[in-house]
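Here is what each chain is made of, one letter per residue.
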Amino acid sequence: MKIKEVRELETKDLAERLETEVAKLHQMKLNHAITPLENPSQIKATRRDIARIKTELRQRELNK
């Protein structure tokens, strides 16, 4: 997910997306601990997506 895509979403949608991404990250970490993922860099990409979403939510909070 690119930052441009994040900025286009509404705040409510971002909050929902954040919850799903965090759940996805936890599930991927658990699966990776049991059997290694084919592409472990997915974990890194998901972490960065979460950071982008949190950053945008914080910026919107401060700009109110």
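In what follows, the structure referred to is the one given above.
Residues numbered from 1 in each chain as written. Predicted model: local features only at pLDDT ≥ 70, side-chain atom pairs only at ≥ 80, totals over all residues. Heavy atoms only, no water.

**A look at the overall build of the protein chain**
- For the protein chain, the helix and strand inventory stands at 3 helices and 0 strands.
- In sequence order, the protein chain lays out its α and β elements as α-α-α.
- With the principal axes as the frame, the protein chain shows a C-alpha extent of 45 × 15 × 15 Å.
- In the protein chain, which comprises 64 residues, the proportion classed as buried is 23%.
- Considering only contacts in the protein chain between residues 6 or more positions apart, those separated by 24 or more positions represent 64%.
- As displayed, the protein chain offers around 5100 Å² of accessible surface, 51% of which is attributable to carbon and sulfur atoms.
- The averaged location of the 11 negative side-chain charges in the protein chain is 7 Å from the averaged location of its 15 positive side-chain charges. (Helix = DSSP H or I, 4+ residues; strand = E, 2+ residues; numbered from the N terminus. Buried < 20%, exposed > 50% of the residue type's maximum accessible area, 1.4 Å probe, protein only. Contact = heavy atoms within 4.5 Å. Areas by Shrake-Rupley, 256 points an atom, 1.4 Å probe, with all protein chains shown as cover. Lys, Arg positive; Asp, Glu negative; His and termini not counted. Charge placed at Lys NZ, Arg CZ, Asp CG, Glu CD.)

**A word on the nonpolar core**
- In this structure, Val6, Leu14, Leu18, Leu25, Met28, Leu37, Ile43, Ile50, Ile53 and Leu57 together form the largest nonpolar core, which totals 10 residues.
- If you list the elements that add at least two residues to this core, you get helix H2 (11–34) and helix H3 (41–62).
- The residues touching Leu37, leaving out its near neighbours within four places in the chain, are Met28, Asn31, His32, Gln42 and Ile43. (Core = buried A, V, L, I, M, F, W, Y, C linked by side-chain atoms within 4.5 Å.)

**Things to note about a positive patch on the surface**
- Taken together, the side chains of Lys29, Lys44, Arg47 and Arg48 define a basic patch exposed on the protein surface.
- Counting residues per element, the positive patch draws most heavily on H3, which supplies 3 residues.
- Position of Lys44 among the secondary structure elements: in helix H3.
- For Lys44, a relative accessible area of 41% corresponds to the partly exposed category. (Patch = residues over 30% accessible without salt bridge, like charges linked within 9 Å, V, L, I, M, F, W, Y side chains within 5 Å. Salt bridge = Lys/Arg side-chain N within 4 Å of Asp/Glu carboxyl O.)

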